[in-house]
2 protein chains.
Amino acid sequence: MKSIKINSLKTYKKGEILLKQGETAKYGYLVKKGCLKSYTVDNVGKEHIMQFAPENWMISDLDSFTNQVPSSVSIETIEDCEIFLISKSDFIDIDSFDKEVVVDIANKFRNNLIASNKRILGLLSATSEQRYIDFTETYPTLVQRLPLKLIAAYIGVTPEYLSGIRRRMAKKSEH
Amino acid sequence: MKSIKINSLKTYKKGEILLKQGETAKYGYLVKKGCLKSYTVDNVGKEHIMQFAPENWMISDLDSFTNQVPSSVSIETIEDCEIFLISKSDFIDIDSFDKEVVVDIANKFRNNLIASNKRILGLLSATSEQRYIDFTETYPTLVQRLPLKLIAAYIGVTPEYLSGIRRRMAKKSEH
DNA sequence: TACCTTTCTTAAGGTATCTTATTTTTTACC
DNA sequence: GGTAAAAAATAAGATACCTTAAGAAAGGTA
């Protein structure tokens, strides 16, 4: 990715919204410091988290960013952040890149795709307790760092229910 | 993708297993005629469908195929099929491709990623009835073509429950 | 046509997860 | 350090979805 020029490094406070559901994504966000989330709010006001982006992760609505259609997610800081903004014009004209960069991009998409497919399988076939365990193994640092309700919105249960999962797991491991 | 050479076109009967969960994927499968499914069977014997591949779709376990690790899915014909096998050696050495081909591959990964992310959002936030409606809109031809139990395994409910969804939807639309 | 097999439907009872409400704990701020 | 606000824990009752089992419909084959 080294030959993609980075437009600007900006700082944000916790809780700022960088992209709103329904708007068109102008930027990809590369996190230098802090953590972002991409999420939807459904018609009964409940939040569902698509992705977390801690340090060195990249986040956007790929469909909106690439095809200039309305975004299906919002993106928001969940800690104070320093973030590189990568503009659409830097990114969309993939043909103008060096081949090496295109290979990097293809590999990045492929790895993201593998990760997304694993998540689909988990949502289809794993219990919520198992999805929580998977989360703690995949993101050991985030388990400590994120509030419970965000983890619940990521694995697909209510905060109350995740609280119960934790209690039952603690009881089990007592002996 | 035009400069990827195609190894061979093979024919299969309905119900043949092309890749078994746990084995390493040697091929990508490009469907000329018929339909494939990729799926897992969980520890209580229940089937969960990752993807359908009707005509012109490509299917494999991308992680297994790319990184030579055990596959997390099985792939099986659900109709009589004609299928192009694309071998790993044709595909994995992405650096040796023309740039144009690499751009095609990147775009294909990107589009798959967008589709997978939509499915994750659906699994997180939509009711099973809404996921069924989404399925009928995304794959109108498959709704008629596939048995109910496969659609149920794709949207993440039991066949009995999907049968109930259909009944309630029919009743609703009566007036 | 008749038979066998698979698919689909229906229904009763069970489990997982949600909703709502209340209490306790933690965090943020003056 | 004290107070307000947010987050987490707990619990009771409601709903979505599953399990099991049985019967009805549809498809394939002799």
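The structure contained in this document is the topic of the report that follows. (Residues numbered from 1 in each chain as written. Chains lettered and ligands numbered in written order. Predicted model: local features only at pLDDT ≥ 70, side-chain atom pairs only at ≥ 80, totals over all residues. Heavy atoms only, no water.)

**Focus on the packing of helix α6 (residues 148-155) of chain A against helix α7 (residues 159-172) of chain A**
Residues and elements named next belong to chain A.
Moving on, step 1. Relative to each other, α6 and α7 sit at 100°, their axes nearing to 8 Å. As the angle between them shows, α6 and α7 are arranged roughly perpendicular. Packed against α6, whose contacting residues are Leu148, Lys149, Ile151, Ala152 and Ile155, the element α7 presents Pro159, Leu162, Ser163 and Arg166 at the interface. (Axes fitted to C-alpha atoms, helices over the stretch in contact; angles between N-to-C directions. Helix = DSSP H or I, 4+ residues; strand = E, 2+ residues; numbered from the N terminus. Parallel < 35°, antiparallel > 145°, perpendicular 65-115°, else oblique. Contact = heavy atoms within 4.5 Å.)

**A few points about the relation of the copies chain A and chain B**
Moving on, step 1. Least-squares fitting of chain A to chain B yields an RMSD of 0.1 Å, with the superposition described by an axial translation of 0.0 Å and a rotation of 180°. Taken together, the rotation and translation relating the two chain copies correspond to the operation of a two-fold axis. Residue A:Ala106 of chain A places its C-alpha closer to the rotation axis than any other residue of that unit, at 2.1 Å.
Moving on, step 2. Most of the interface of chain A is mirrored in chain B: 100% of its interface residues are interface residues there too. (Least-squares fit on C-alpha atoms with pLDDT ≥ 70 in both.)

**Some thoughts on the sheet that holds strand β6 (residues 58-59) of chain B**
Residues and elements named next belong to chain B.
Moving on, step 1. On the basis of which strands lie adjacent, the open sheet formed by four strands has the order β1-β8-β3-β6 and antiparallel pairing. Either end of the sheet is taken by a strand with one partner, and the two such strands are β1 (8-12) and β6.
Moving on, step 2. Two strands pair when backbone bridges link them, and strand β3 (residues 27-33) and strand β8 (residues 81-87) are joined in this way by six bridges, in the antiparallel orientation. Along β8, the bridge assignment pairs Gly28 with Ile86. (Pairing = 2+ DSSP bridges.)

**Let's talk about the sheet that holds strand β6 (residues 58-59) of chain A**
Moving on, step 1. As summarised here, the arrangement of the four strands in space is β1-β8-β3-β6 (chain A), forming an open sheet in which the pairing is antiparallel. Both edges of this open sheet fall to β1 (8-12) and β6 of chain A, since each of them pairs with a single strand only.

**Details of the environment of B:Cys81**
Residues and elements named next belong to chain B.
Moving on, step 1. Within the secondary structure, Cys81 sits in strand β8.
Moving on, step 2. Overall, Cys81 belongs to the buried group, its relative accessible area being 4%.
Moving on, step 3. C-alpha separation for the pair Cys81 and Ala53, spaced 28 residues apart in sequence, amounts to 11 Å.
Moving on, step 4. Other than its neighbours up to four places away in sequence, Cys81 contacts Lys10, Thr11, Tyr12, Lys33, Gly34, Cys35 and Leu36. (Buried < 20%, exposed > 50% of the residue type's maximum accessible area, 1.4 Å probe, protein only.)

**Details of the protein's contact with DNA strand D**
Moving on, step 1. In the vicinity of DNA strand D, 13 residues are found, and the nearest of them are A:Leu148, A:Lys149, A:Arg167, B:Ser128 and B:Tyr161.
Moving on, step 2. Looking at DNA strand D alone, sugar and phosphate atoms form 75% of those within 4 Å of the protein.
Moving on, step 3. Here a phosphate oxygen of DNA strand D and a side-chain polar atom of B:Tyr161 are 2.8 Å apart.
Moving on, step 4. Mapped onto the surface near DNA strand D, the elements with two or more residues apiece are α6 and α7 of chain A together with α7 (159-172) of chain B.
Moving on, step 5. It is α7(A) that contributes the most residues to the surface near DNA strand D, three residues altogether.
Moving on, step 6. In the surface near DNA strand D, the residues fall into four nonpolar, four polar and five charged. (Near = heavy atom within 4 Å. Polar contact = N/O pair within 3.5 Å; in protein donor to acceptor, adjacent residues only side chain to side chain. Nonpolar A, V, L, I, M, F, W, Y, C, P; charged D, E, K, R; others polar.)

**Remarks on the side chain of A:Asp42**
Residue and element names in this part refer to chain A.
Moving on, step 1. Tracing the sequence through the fold places Asp42 in the loop between β4 (36-41) and β5 (47-53).
Moving on, step 2. The charged side chain of Asp42 is buried without a salt bridge, its nearest counter-charge being Lys46 at 6.1 Å.
Moving on, step 3. In terms of polar contacts, Asp42 uses its side chain to reach the backbone amide nitrogen of Val44, at 2.9 Å.
Moving on, step 4. Of the polar contacts made by the side chain of Asp42, one reaches the side chain of His48; its length is 2.8 Å. (Lys, Arg positive; Asp, Glu negative; His and termini not counted. Salt bridge = Lys/Arg side-chain N within 4 Å of Asp/Glu carboxyl O.)

**Focus: the nonpolar core**
Moving on, step 1. If you look at the biggest cluster of nonpolar residues, it comprises 40 residues, and the most contacted ones within it are A:Tyr29, A:Leu36, B:Tyr29 and B:Leu36.
Moving on, step 2. Sequence-distant contacts of B:Tyr29, defined by excluding residues within four places in its chain, comprise B:Leu18, B:Leu19, B:Leu36, B:Trp57, B:Met58, B:Ile59, B:Ile75, B:Ile83, B:Phe84 and B:Leu85. (Core = buried A, V, L, I, M, F, W, Y, C linked by side-chain atoms within 4.5 Å.)

**What about the interface of chain A and chain B?**
Moving on, step 1. Opposite the 37 residues of chain A that make contact, chain B presents 37 residues.
Moving on, step 2. Summing both sides of the interface, chain A and chain B together bury roughly 3300 Å²; the carbon and sulfur share of this comes to 76%.
Moving on, step 3. Considering only the surface of chain A that becomes buried against chain B, A:Lys99, A:Leu113 and A:Leu124 emerge as the three largest contributors, covering 19% of it.
Moving on, step 4. On the surface where chain A and chain B come into contact, there are two salt bridges.
Moving on, step 5. Across the pair A:Asp63 and B:Lys118 runs a salt bridge whose closest N-O atoms are separated by 3.5 Å.
Moving on, step 6. Taken together, chain A and chain B are joined by six residue pairs in polar contact (both at pLDDT 80 or more).
Moving on, step 7. Listing elements by their share of the side of chain A that touches chain B, those giving two or more residues are β5, α1 (62-67), α3 (99-125) and α6 of chain A.
Moving on, step 8. Of the residues forming the side of chain A that touches chain B, the biggest block, 18 residues, is contributed by α3(A).
Moving on, step 9. Counted by class, the side of chain A that touches chain B contains 19 nonpolar, eleven polar and seven charged residues. (Buried area = accessible area lost by both parts, 1.4 Å probe.)

**Some details on the protein's contact with DNA strand C**
Moving on, step 1. As a structural note, the neighbourhood of DNA strand C is formed by 13 residues, with A:Ser128, A:Tyr161, B:Leu148, B:Ser163 and B:Arg167 the closest of them.
Moving on, step 2. Put simply, 76% of the atoms of DNA strand C that lie within 4 Å of the protein are in sugar or phosphate.
Moving on, step 3. A:Thr158 places a main-chain nitrogen or oxygen 3.1 Å from a phosphate oxygen of DNA strand C.
Moving on, step 4. Separating a phosphate oxygen of DNA strand C from a side-chain N or O atom of B:Lys149 is a distance of 3.1 Å.
Moving on, step 5. When contributions to the surface near DNA strand C are tallied by element, the ones reaching two or more residues are α7 of chain A together with α6 (148-155) and α7 of chain B.
Moving on, step 6. Here the surface near DNA strand C gets three residues from one element, more than from any other, and that element is α7(B).

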